[in-house]
Amino acid sequence: MTRTDGYLLDNQQNEAGQRFEAFAALFDPTTFRHIERFGIGPGWRCWEVGAGGTSVVSWLAKKVGPTGRVMATDIDASWAASAARPPVEVRVHDVGAEEPPGEGFDLVHARLVLVHVPDRERALRSMVKALRPGGRLLVEDADPALQPLLCPDEYGPEQQLANRLRKGFRSLLAERGADLAYGRKLPRLLRQAGLGGVEADAYFPVTSPACAALESATIRQIRDQLVAAGLATHQDIDRHLANVASGSMDLATAPMISTWGRKG
């Protein structure tokens, strides 16, 4: 992620690791399916932007082998440090404020990153610049405005509370500069950046143990901000966490829109 003074989901918090694990369970199969279609193999040079956890980095490393290279960057690279062995290099880097950490990449990938980056336009230009001719860019980002509910089936007070807290979460994100309708814009933005063969799809889990794990970690991480902003009370949050822990709620995520294209 890109550092801002008001960044809501700090990687230094204990819950960050739980969120990375939930993201991996929810979204790795979709990410890997797309990258496999690109023909990734030994010798590829890859840049994983905003790496966060290690699941994608480790998978890329296996695919490219000892003759390849995986550059994993984040403004807080502590969670990815355990993967820092050949062919992986881990580097502290702000994609929205710094030049790319190299060029000639066969693949540049960012998942659930750019929606939080203040200068998303610069970040996208940097990622395209880093590609070799014929290289592939895969950007995957959420679009909470397309599906804003935690519980699409709002049939009782537990679901109503969950959706009220999700609305508060979206408000906090928007106040800190997140573009809650960014995912749907990606096909147009990749074409405007000069990429060809642009395509996109969306993945939208409706209920999963990983959705519950993600929600619990997220709410614990933003508890104080929700209360300070008057969006919830501690009693609200305790009740919601207990409801989530019961395993009886169908919790969804915002759609993750995957968009890819090739540099000419």
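Going by the structure above, here's the rest.
Keep in mind that this is a model prediction, so the values were computed, not measured.

### Some details on the pattern of salt bridges
Phase 1 of the analysis: The full count for this structure, using the stated rule, is 15 salt bridges.
Phase 2 of the analysis: Ionic pairing is found between Glu-175 and Arg-176, a salt bridge with its closest N-O pair at 3.9 Å.
Phase 3 of the analysis: When its relative accessible area of 30% is taken as the criterion, Arg-176 is described as partly exposed.
Phase 4 of the analysis: Taken together, the shared-partner salt bridges in this structure form one network comprising Arg-69, Glu-89 and Arg-91.

### Points about the packing of aromatic side chains
Phase 1 of the analysis: Taken as a whole and assessed by the stated rule, the structure comprises 4 aromatic pairs.
Phase 2 of the analysis: Taken together, the aromatic side chains of Phe-23, Phe-27 and Tyr-203 make up a single cluster linked through ring pairs.
Phase 3 of the analysis: Above the face of the Phe-105 ring, Arg-45 is positioned so that its terminal group lies 5.3 Å from the ring centre.

### Structural notes on the nonpolar core
Phase 1 of the analysis: If you look at the biggest cluster of nonpolar residues, it comprises 25 residues, and the most contacted ones within it are Trp-47, Val-108, Leu-114, Met-127 and Leu-137.
Phase 2 of the analysis: Of all the elements in the fold, those that place two or more residues in this core are strand 1 (45-49), strand 4 (105-111), helix 3 (120-129), strand 5 (131-142), helix 5 (186-192) and strand 6 (195-203).
Phase 3 of the analysis: For this core, the leading source of residues is helix 3, giving 4 residues.
Phase 4 of the analysis: Counting 21 residues, the second-largest nonpolar core is a separate cluster that includes Ile-35, Val-56, Val-70 and Trp-260.

### Digging into the packing of helix 6 (residues 209-228) against helix 7 (residues 234-245)
Phase 1 of the analysis: Where helix 6 meets helix 7, the closest approach of the two axes is 10 Å, and the angle between their N-to-C directions is 175 degrees. Taken together, the axis directions place helix 6 and helix 7 in an arrangement best described as roughly antiparallel. Taken together, the residues of helix 7 that come into contact with helix 6 (itself represented by Ala-212, Glu-215, Ser-216, Ile-219, Arg-220, Arg-223, Asp-224, Leu-226 and Val-227) are His-234, Ile-237, Asp-238, His-240, Leu-241 and Val-244.
Phase 2 of the analysis: Residues of the contact of helix 6 with helix 7, tallied by class, amount to 7 nonpolar, 3 polar and 5 charged.

### Quick word on the pairing of strand 7 (residues 256-263)
Phase 1 of the analysis: With respect to burial, strand 7 is a largely interior element, 6 of its 8 residues being buried.
Phase 2 of the analysis: As paired elements, strand 5 and strand 7 share 7 bridges and run antiparallel to each other. Looking across to strand 7, one finds that Leu-138 is bridged to Trp-260.
Phase 3 of the analysis: Of the strand pairs in this sheet, strand 6 and strand 7 are connected by 7 bridges, and their pairing is antiparallel. What sits directly across from Tyr-203, in strand 7, is Met-256.

About the thresholds
- Residues numbered from 1 in each chain as written.
- Predicted model: local features only at pLDDT ≥ 70, side-chain atom pairs only at ≥ 80, totals over all residues.
- Heavy atoms only, no water.
- Salt bridge = Lys/Arg side-chain N within 4 Å of Asp/Glu carboxyl O.
- Buried < 20%, exposed > 50% of the residue type's maximum accessible area, 1.4 Å probe, protein only.
- Phe/Tyr/Trp six-rings, centres within 6.5 Å; stacked < 30°, edge-to-face > 60°.
- Lys NZ or Arg CZ within 6 Å of the ring centre and 35° of its normal.
- Core = buried A, V, L, I, M, F, W, Y, C linked by side-chain atoms within 4.5 Å.
- Helix = DSSP H or I, 4+ residues; strand = E, 2+ residues; numbered from the N terminus.
- Axes fitted to C-alpha atoms, helices over the stretch in contact; angles between N-to-C directions.
- Parallel < 35°, antiparallel > 145°, perpendicular 65-115°, else oblique.
- Contact = heavy atoms within 4.5 Å.
- Nonpolar A, V, L, I, M, F, W, Y, C, P; charged D, E, K, R; others polar.
- Pairing = 2+ DSSP bridges.

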